[in-house]
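# Structural features, examined
Next come the chains, spelled out residue by residue.
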Number of protein chains: 2
Amino acid sequence: MDEFDLIEQYFRKGVRPRDDVLCGIGDDAAIVSMPEGQRLVIASDSLIAGTHFPDQTPAHALGYRCMAVNLSDLAAMAAQPLWATLALSLPEPDADWLEAFAEGFFESAAGADVALIGGDTVRGPLSMTVTAHGCVEEGRHVTRTGAAIGDRIYVTGTVGDARAGLDVLLQKRSKSASNDKLLHRFLYPSPRVTPGRQLAGVATAMIDVSDGLHDDLGKLLHASGFGADLELALLPISEELLQFAGADAAVGIALSGGDDYELCFTISPDHESQLERLVEHWDCSATCIGEVSGEMEARWWHNGELHAVAGPAFSHF
Amino acid sequence: MDEFDLIEQYFRKGVRPRDDVLCGIGDDAAIVSMPEGQRLVIASDSLIAGTHFPDQTPAHALGYRCMAVNLSDLAAMAAQPLWATLALSLPEPDADWLEAFAEGFFESAAGADVALIGGDTVRGPLSMTVTAHGCVEEGRHVTRTGAAIGDRIYVTGTVGDARAGLDVLLQKRSKSASNDKLLHRFLYPSPRVTPGRQLAGVATAMIDVSDGLHDDLGKLLHASGFGADLELALLPISEELLQFAGADAAVGIALSGGDDYELCFTISPDHESQLERLVEHWDCSATCIGEVSGEMEARWWHNGELHAVAGPAFSHF
């Protein structure tokens, strides 16, 4: 048994038991039992050192994050998370690093009652790929394609914080209680699992905000075949981001900053009162920022003027 | 849309349609429909440049191989392959490399009627993680744990060829028609999908031979809680390996060489005649090399003597 087999044993100890796992880590493959009447939902996202996170990212946060970003993808389909595999590539097995990584990973998994059922641990440049599995009732999944003209466009929580938090991590900004909150938003994304589940059969289209609200909403609109009229003043921006960047720059960060892992979704105006009742049970807000239009572009109202893709507030584009 | 989005579009073109894929590549996650009365089987294996393959491995073979090794894991559980995700990390998008890689990948996938349903393409050191999904009838899956005393131990095809083929790839050996066959065995493993499926409910335990027959059979026996008496003279060794290494050295390579992706399985003596009928429809042989014993070790008969783990023929240990 080599050192990497030992690592697998180490991960095995943290595994949360689930009755539907017939064969977990330690065989050629895992065997699980799907709940009846459900569709299987599968998401797979990789984090690569240097590309998706800077070297100074703590191991605990990496473990947490690689699970969380996949839970966010499942949430965006309105799926209930069930199981995950982890492919971990490590230059050198380091016991302290592994302990912190595993703790973060299992903390994130436990938050959504997800069981680790397999994967692979190999020597190589630092990277991790999680494949997460969930289920959704037949006919109630939500894709990017169902938005209709007149649907209201919502986003959960606040956007732009994680991008500012990355600057804090890179020490471009000083430490403060406010900046620490931004840093935490980068290191520990909160996948919107409960909101995603409750939007099954309610939202007409949904996407998770990983590449920035402007880009991701653009993908949803493109997939649905429509555009949108949006109001820049309605963007949900945190106090911390306002302090960090000032009001004008905060808008640009909120639109173009990535790694938020909030949900952006559309619902029919008929369902808005139902949404209000659902949101009471969420641990995040849901803010209407505009509505779907027949024009094939996203246009933002800003200081009484309508801007197409590029505009003064988001020179990023 | 950046260059990596373009790569995903490129892969999307090669996707084989399957009726059970409700939502494939291009959304936050894939949605598929599980066949009724079946268990879900999930395997995930990574290939990392420098660790699992040398730099000179052709892109076509890498694409083929990363799919094939996961199909082999599914076969070892007696599962029918269905869908796969691919996480591909690439230093630089290179059109020729990608075209060859994708061609190899889809060739391997098509051979088992597997649909690519998602994944991630990112910038980073060259590596690929495939997560393969399959199904097996309730109660008919085969794990490593079911071997019983007296069960016959079989291995499909021939073992050791791929290890010799790696030497050919590394140019430690000259080119010849015979050595080309060994090279092909390393570059293009044949996952034993049909044998694995037909052994559902027949084999008592099964594993795929990826780390070498001796190691992998050892894992199966350890998981089942038994040992084995084996006959070295019965090892299935190809003519090409005999030519490559000579009779004595070939035995050591057959026992300890990795990357064979054959199946090693145990069956009750009562089922041997059934097995004979099944094998007629396979494109590989199945050779009995010994039987499960109550001793807690694997012992090999060699020239009339019984050897425990280490022996003259496999000084590797």
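Below you will find a few notes about this structure. Owing to the predicted nature of the structure, the values given are computational and were not obtained by experimental measurement.

Let's shift gears to the packing of helix 4 (residues 161-169) of chain B against helix 8 (residues 239-256) of chain B. Residues and elements named next belong to chain B. The interhelical angle for the contact between helix 4 and helix 8, taken along N-to-C directions, is 125°, at an axis separation of 11 Å. In this view, helix 4 runs oblique relative to helix 8, as classed from their interaxial angle. For the pair helix 4 and helix 8, the crossing hand works out as right-handed. Contact residues: Asp161, Arg163, Ala164, Asp167 and Val168 in helix 4; Leu241, Phe244 and Ile253 in helix 8. Residues belonging to the contact of helix 4 with helix 8 are distributed by class as follows: five nonpolar, no polar and three charged.

Another point: the interface of chain A and chain B. Listed by partner, the interface residues are 45 residues for chain A and 45 residues for chain B. Carbon and sulfur atoms supply 58% of the area buried between chain A and chain B, which totals about 3700 Å² over both sides. If you sort the residues of chain A by the area they bury against chain B, Asp28, Ile31 and Ile42 of chain A come out on top, with a joint share of 18%. Where arginine 144 of chain A meets aspartate 27 of chain B, a salt bridge forms, and the shortest distance between an N and an O atom there is 3.5 Å. The tally of links from chain A across to chain B stands at 20 residue pairs in polar contact (both at pLDDT 80 or more). Those elements giving two or more residues to the side of chain A that touches chain B turn out to be strand 1 (21-23), strand 2 (30-32), strand 3 (38-48), strand 4 (80-90), strand 5 (115-123), strand 6 (127-137) and strand 8 (205-209) of chain A. Considering each element in turn, the side of chain A that touches chain B owes the most residues, nine residues, to strand 3 of chain A.

We now examine a negative patch on the surface. Taken together, the side chains of Asp94, Asp96, Glu99, Glu103 and Glu107 of chain A define an acidic patch exposed on the protein surface. Following the sequence through the fold, glutamate 99 of chain A ends up in helix 3 (residues 95-111).

Time to look at the side chain of serine 72 of chain B. Residues and elements named next belong to chain B. Looking at the element boundaries, serine 72 is found in helix 2 (residues 59-75). Judged by relative accessible area, serine 72 falls into the buried class, the value being 1%. Among all residues touching serine 72, those that are not within four sequence positions of it are Pro191, Asp208, Tyr261 and Leu263.

The residue aspartate 113 of chain A is not glycine, and still its phi comes out positive at about 55°. By the secondary structure assignment, aspartate 113 of chain A is in the loop between helix 3 and strand 5.

Here the focus is the sheet that holds strand 4 (residues 80-90) of chain B. The six strands are arranged 1(A)-2(A)-3(B)-6(B)-4(B)-5(B) in an open sheet whose pairing can be described as mixed. Only two strands of the sheet have a single neighbouring strand rather than two, namely strand 1 of chain A together with strand 5 (115-123) of chain B. In this sheet, neighbouring strand axes are inclined to one another by 20° on average, regardless of whether the strands run parallel or antiparallel. One ladder, built from 11 bridges, connects strand 3 (residues 38-48) of chain B with strand 6 (residues 127-137) of chain B; its direction is antiparallel. In the strand pairing of strand 6 of chain B, glutamine 38 of chain B is matched with glutamate 137 of chain B. The sheet strands contacting helix 1 (residues 3-13) of chain B are strand 4 and strand 5 of chain B, and the helix crosses strand 5 of chain B at an angle near 160°. Contacts between helix 2 of chain B and the sheet are confined to strand 3, strand 4 and strand 6 of chain B, with strand 3 of chain B contributing the most and set at about 140° to the helix.

Residue and element names in this part refer to chain A. Looking at where aspartate 215 falls in the secondary structure, it is placed in helix 7 (residues 213-224). Look at aspartate 215 and you get partly exposed, because its relative accessible area is 33%. For aspartate 215 and serine 256, which are 41 residues apart along the polypeptide, the C-alpha to C-alpha distance reads 7.2 Å.

All names here are of chain A. In this structure the tally under the stated criterion is 14 aromatic pairs over all chains. When the centroid spacing of 6.2 Å and the interplanar angle of 85° are considered together, the rings of phenylalanine 11 and phenylalanine 101 count as edge-to-face. Of this pair, phenylalanine 11 sits in helix 1 (residues 3-13) while phenylalanine 101 sits in helix 3, and the two are 90 residues apart along the sequence. Classification of phenylalanine 101 by relative accessible area gives buried; the value is 0%. Centre to centre, the rings of phenylalanine 105 and phenylalanine 106 are 5.5 Å apart; their planes meet at 90°, and the pair counts as edge-to-face. For phenylalanine 106, a relative accessible area of 16% corresponds to the buried category. Following the ring pairs from residue to residue traces out a cluster consisting of Phe11, Trp97, Phe101, Phe105 and Phe106. A cation sits over an aromatic face here: arginine 173 above phenylalanine 244, 4.0 Å from the ring centre.

What counts and what doesn't
- Residues numbered from 1 in each chain as written.
- Chains lettered and ligands numbered in written order.
- Predicted model: local features only at pLDDT ≥ 70, side-chain atom pairs only at ≥ 80, totals over all residues.
- Heavy atoms only, no water.
- Axes fitted to C-alpha atoms, helices over the stretch in contact; angles between N-to-C directions.
- Helix = DSSP H or I, 4+ residues; strand = E, 2+ residues; numbered from the N terminus.
- Parallel < 35°, antiparallel > 145°, perpendicular 65-115°, else oblique.
- Left-handed = near helix turned anticlockwise from the far one by under 90°.
- Contact = heavy atoms within 4.5 Å.
- Nonpolar A, V, L, I, M, F, W, Y, C, P; charged D, E, K, R; others polar.
- Buried area = accessible area lost by both parts, 1.4 Å probe.
- Salt bridge = Lys/Arg side-chain N within 4 Å of Asp/Glu carboxyl O.
- Polar contact = N/O pair within 3.5 Å; in protein donor to acceptor, adjacent residues only side chain to side chain.
- Patch = residues over 30% accessible without salt bridge, like charges linked within 9 Å, V, L, I, M, F, W, Y side chains within 5 Å.
- Areas by Shrake-Rupley, 256 points an atom, 1.4 Å probe, with all protein chains shown as cover.
- Lys, Arg positive; Asp, Glu negative; His and termini not counted.
- Charge placed at Lys NZ, Arg CZ, Asp CG, Glu CD.
- Buried < 20%, exposed > 50% of the residue type's maximum accessible area, 1.4 Å probe, protein only.
- Pairing = 2+ DSSP bridges.
- Phe/Tyr/Trp six-rings, centres within 6.5 Å; stacked < 30°, edge-to-face > 60°.
- Lys NZ or Arg CZ within 6 Å of the ring centre and 35° of its normal.

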